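Letter by letter, the chains look like this.
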Amino acid sequence: MSSNAFIEPLPVIDFVTQLLNRDVTSRILSDSDRVKIKKALRGVKVEVTHRENVRRRYRIFGLTSQATRELTFPVDERGTMKSVVEYFYETYGFVIRHSQWPCLQVGNQQRPNYLPMEVCRIIEGQRYSKRLSDDQIAALLKVTCQRPHEREQDIMQTVHHNAYHDDPYAKEFGIKISENLASVEARILPAPWLKYHDTGREKDCLPQVGQWNMVNKKMVNGGVVNNWICINFSRKVHDSVACRFCHELAQMCHISGMAFNPEPVFPPVTGRSDQVERVLKTQYHDAMTKLQPQKKELDLLIVILPDKNGSLYGDLKRICETDLGIISQCCLTRNVFEMQKRYLANVSLKINVKVGGRNTVLVDAISRRIPLVTDRPTIIFGADVTHPQPGEDSRPSIAAVVASQDWPEITKYAGLVCAQAHRQELIQDLYKTWQDPVRGTMTGGMIQELLISFRRATGQKPQRIIFYRDGVSEGQFYQVLLYELDAIRKACASLEPNYQPPVTFVVVQKRHHTRLFANNHRNRHSVDTSGNILPGTVVDSKICHPTEFDFYLCSHAGVKGTSRPAHYHVLWDENYFTADGLQSLTNNLCYTYARCTRSVSIVPPAYYAHLAAFRARFYMEPESSDPGSISSGAAAGIGGMGGAGPRRTRVSCANAAVRPLPALKENIKRVMFYC
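Named according to an unreviewed UniProt entry, the protein is Protein argonaute 1B originating from Morella rubra. Listed in UniProt under the heading Sequence similarities (unreviewed entry), the comment for the protein reads: "Belongs to the argonaute family. Ago subfamily."

Caption draft 1: Representation of the overall build of the protein within the structure. Looking only at helices and strands, the protein has 17 helices and 28 strands in total. Taken over the C-alpha trace, the protein has a radius of gyration of 29 Å; the compact-globule value for 675 residues is 26 Å, and the two agree within 12%. Judged by the C-alpha coordinates and their principal axes, the protein covers about 85 × 75 × 60 Å. Sequence separation of 24 or more characterises 71% of the internal contacts of the protein that already satisfy a separation of 6 or more. In the structure as shown, the protein presents an accessible area of about 33200 Å², 50% of it carried by carbon and sulfur atoms. Here the protein holds 85 positive side-chain charges and 67 negative ones, and the gap between their average locations is 3 Å.

Caption draft 2: Molecular detail of the sheet that holds strand S9 (residues 194–195). Ordered in space as S10-S9-S17, the 3 strands form an open sheet in which the pairing is antiparallel. Because the sheet does not close on itself, it has two edges, and the strands there are strand S10 (204–205) and strand S17 (361–362). Both S9 and S10 contribute to a ladder of 2 bridges, which runs antiparallel. Bridge assignment links Lys 195 to a residue of S10, and that residue is Asp 204.

Caption draft 3: Representation of helix H2 (residues 31–41) within the structure. Residues of H2 that are buried: Asp 33, Arg 34, Val 35, Ile 37, Lys 38, Ala 40 and Leu 41. Taken together, the buried residues of H2 touch helix H1 (12–20), strand S2 (57–67), strand S5 (102–107) and strand S7 (120–122). Directly beyond the C-terminal end of H2, a positive phi value near 90 degrees is found at Gly 43.

Caption draft 4: Representation of a nonpolar patch on the surface within the structure. A cluster of nonpolar residues, Tyr 164, Phe 173, Ile 175 and Ile 177, forms a patch on the protein surface that exposes about 410 Å² of accessible area. Counting through the fold element by element, Ile 175 comes out in the loop between helix H6 (168–172) and strand S8 (187–188).

Caption draft 5: Seen up close, the confidence of the model for the protein. Per-residue confidence for the protein gives a mean pLDDT of 91; residues scoring 70 or more make up 94%. Within the model, pLDDT remains below 50 along residues 623–637, and this stretch shows 58 contacts once partners closer than five positions in the same chain are excluded. Segment residues 640–655 is flagged for pLDDT under 50; beyond a separation of four residues in sequence, or across chains, it makes 36 contacts in the model.

Caption draft 6: Structural view of the packing of aromatic side chains. Throughout the structure, instances matching the rule amount to 17 aromatic pairs. For the ring pair Tyr 87 and Phe 88, a centre distance of 6.0 Å and an interplane angle of 80 degrees mean the geometry is edge-to-face. With centroids separated by 6.4 Å and ring planes inclined at 75 degrees, the aromatic side chains of Tyr 468 and Tyr 568 adopt a geometry described as edge-to-face. Here Tyr 468, found in strand S23 (residues 464–470), pairs with Tyr 568, found in strand S27 (residues 566–573); they are 100 residues apart in sequence, far enough to count as distant.

Caption draft 7: How the structure looks around the domain arrangement of the protein. Domain annotation of the protein identifies domain 1 (12–122), domain 2 (145–173), domain 3 (222–357) and domain 4 (361–617 + 659–668). Taking the mean C-alpha position of each, domain 3 and domain 4 sit 30 Å from one another. With 16 residues of domain 3 in contact, the opposing surface of domain 4 contributes 12 residues. By the criterion of area lost to domain 4, the three top residues of domain 3 are Glu 321, Thr 322 and Leu 349, representing 42% of everything that side buries. At the boundary of domain 3 and domain 4, one finds 1 salt bridge. The salt bridge partner of Arg 615 is Glu 321, with a shortest N-O separation of 2.6 Å. Across the domain 3-domain 4 interface, the total number found is 5 residue pairs in polar contact (both at pLDDT 80 or more). No other element matches helix H9 (residues 312–324), which puts 7 residues into the side of domain 3 that touches domain 4.

Caption draft 8: Layout of the environment of Ser 601. As for its placement among the helices and strands, Ser 601 is situated in the loop between helix H15 (579–589) and helix H16 (604–616). In the structure, Ser 601 is positioned 399 residues away from Glu 202 in sequence and 26 Å away in space, judged by C-alpha atoms. Among residues more than four places away in sequence, those in contact with Ser 601 are Lys 510, Ser 555, His 556, Ala 566 and Tyr 568. Here the side chain of Ser 601 touches Lys 510 through a polar contact of 3.0 Å, side chain to side chain.

Caption draft 9: Representation of the pairing of S23 within the structure. Among the 7 residues in S23, 7 count as buried, and that is most of the element. Burial along S23 is two-sided: Arg 464, Ile 466, Tyr 468 and Asp 470 facing one way and Ile 465, Phe 467 and Arg 469 facing the other are all buried. Two strands pair when backbone bridges link them, and strand S18 (residues 378–386) and S23 are joined in this way by 6 bridges, in the parallel orientation. By the bridge assignment for S23, Gly 382 is matched with Tyr 468. Pairing analysis gives 6 bridges linking S23 to strand S24 (residues 503–509), with the strands arranged parallel. Pairing of Arg 469 across the sheet is with Val 507, part of S24. Handedness of the crossover joining S23 and S24 through helix H14 (residues 477–495) is recorded here as right-handed.

Caption draft 10: Just the sheet that holds strand S14 (residues 269–270), in detail. Strands sit in the order S14-S12-S15-S16 across an open sheet of 4 strands; the sheet is parallel. Every other strand in the sheet has two partners, leaving S14 and strand S16 (328–332) as the edge strands with one partner each. Sheet topology places strand S12 (residues 228–232) next to strand S15 (residues 300–305); 5 bridges connect them, and they run parallel. Note on S15: the bridge partner recorded for Ile 229 is Leu 301. Its contacts with the sheet place helix H8 (residues 276–291) against S12, S14 and S15, and it is angled at close to 155 degrees to S12. Packed onto the sheet, helix H11 (residues 341–354) meets S15 and S16 and runs at close to 160 degrees relative to S16.

Caption draft 11: Expanded view of the nonpolar core. Formed by 87 residues in total, the largest nonpolar core has its most connected members in Trp 228, Phe 260, Tyr 468, Tyr 568, Leu 585, Tyr 608 and Tyr 674. Counting residues per element, this core draws most heavily on helix H7 (residues 239–255), at 8 residues. When residues are assigned to domains, this core turns out to be shared by domain 3 (222–357) and domain 4 (361–617 + 659–668), each giving three or more. With 37 residues, the next largest nonpolar core counts Phe 15, Val 44, Val 84 and Leu 104 among its residues.

Rules of the game
- Residues numbered from 1 in each chain as written.
- Predicted model: local features only at pLDDT ≥ 70, side-chain atom pairs only at ≥ 80, totals over all residues.
- Heavy atoms only, no water.
- UniProt positions renumbered as here; feature names shortened; annotations may be inferred.
- Helix = DSSP H or I, 4+ residues; strand = E, 2+ residues; numbered from the N terminus.
- Rg over C-alpha atoms; globule rule 2.2 N^0.38 Å.
- Contact = heavy atoms within 4.5 Å.
- Areas by Shrake-Rupley, 256 points an atom, 1.4 Å probe, with all protein chains shown as cover.
- Lys, Arg positive; Asp, Glu negative; His and termini not counted.
- Charge placed at Lys NZ, Arg CZ, Asp CG, Glu CD.
- Pairing = 2+ DSSP bridges.
- Buried < 20%, exposed > 50% of the residue type's maximum accessible area, 1.4 Å probe, protein only.
- Patch = residues over 30% accessible without salt bridge, like charges linked within 9 Å, V, L, I, M, F, W, Y side chains within 5 Å.
- Salt bridge = Lys/Arg side-chain N within 4 Å of Asp/Glu carboxyl O.
- pLDDT = per-residue confidence, 0-100.
- Phe/Tyr/Trp six-rings, centres within 6.5 Å; stacked < 30°, edge-to-face > 60°.
- Domains from an automatic or database assignment.
- Buried area = accessible area lost by both parts, 1.4 Å probe.
- Polar contact = N/O pair within 3.5 Å; in protein donor to acceptor, adjacent residues only side chain to side chain.
- Right-handed = clockwise from strand over helix to strand, strands pointing away.
- Axes fitted to C-alpha atoms, helices over the stretch in contact; angles between N-to-C directions.
- Core = buried A, V, L, I, M, F, W, Y, C linked by side-chain atoms within 4.5 Å.

See below:
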């Protein structure tokens, strides 16, 4: 069962008033208002209300660039022009009251019609496919978040209510639908032992029901932070509070096993959030002026942000990672005031991996007991492509690839990102060639760079590749496999003739509707405290592909609602993994995620690739223009009457050249900056 947000069936004027959160009927819209309205209404179906018994329906594709009172259109072959306001009064006796507002453009782009907003009403039952606000997401989750036994009952009642046994079409096709859930066999894979530093009171740890904590433990490889500064962008946080917070955080990093200097280069500095670039560059310059005579580098920037900070976070990350080359850790004002030990411990985990440390490693990895991984140098890749929200038709998609940089531990992942054509699913920059006027044909790409990076870090070249690919729908499985496996092979061959390490290519899916329920919700041996199936539950029969290698794995403990298992589909396997081998490896890797002391729901390399791709969205320049608006003139018709005249089309942005992202600084690429 699926839940979705729907557009409220309102008059368009009321919808716009709600969207802008103010009464704007008496004023002219600003450019930013127009862009916001256009994004919200594009693709929405409306019906007209000014034609008594006629309720014609249209789909909106834009707004006019001019106000309604300025719009004219040709009414005959001689090109006689008439204004929209006059036309509506003469033809329908309708007086347009909000003539300072633009008209909706409906129909198609070749022959658009103009409709004033006040004569349109949004049709009921339309799914809202664009991005929801944080408050809307919270409200939707509150309604749809159900415990497993509630969700199961809901599904059963709906199936019973739909009465498929009486459905004439089902009978005609000989389809019988059971009113009971499918019963499948599952196994529960054990949690792996985790290694911590020998100087801690607990040197290793066995997670219980998918979670553990850092009490009495020290990071297996603590990072080093000798030189750091703090910038405070929050007006609510006074200097004394910022100093105390930084002291507590530094102490927690030290207790957790990092070599963390308790004193910053200079005391915390307050900065204005509307001058983020100037503040960052000034403070960086001041710090480097102090450090460079001693040949030292700035290791870390701690930033205190307002709880609601708009574009500040993204701007800060872009400047730090693509311009200055500084590792940064942001903290929200509410957390600075609360200063909870648990929060500080979690932040110290993130800081450690950002500065090149390791939080924990699998005991089996160190003792070389992971089949087909620890016997010879193995690199594990994660890859993902994130697409712009529906309605953003000009922004590029972002591809991210991460790869393990340590062996046999497989916990450190370097990441690369690139922009590519709008909604392109195949990762274009895995392997690329170009002509250099001096050196001739050159090769490169993300795979090659990460293979070279692995060799530099470990002193060995990978002899086995495991590639976890996120975000691919079933219809694109083999298209993605053919293109990306070929790119991997070419990248390997470009480094050394006949270098072809065996590849295992696994697609990871979370967007599906399969849910697994315990046979007995009261059995404490088969459910966790949230009522969900236990972490490590794996199903690989009955509901899986009849001939191919796939399985469902619920690797995490439930927190709210009903757990969604990850679906892993092995499209190519030259390493000849057994089902047990790949399932155990995948489950064990889920306990090595750096940002928390819980096992996570998808394998960490795929998770990291998703984080890196999401981070790279901040590197793009903000979209301030209003593409796709058509100006007034002969191209339009009015009120449902098509006009004659030349046709104008908006140029599709899918084929336009993609502006590359600003390059990550070399020191940033080598660490887990996206955590």
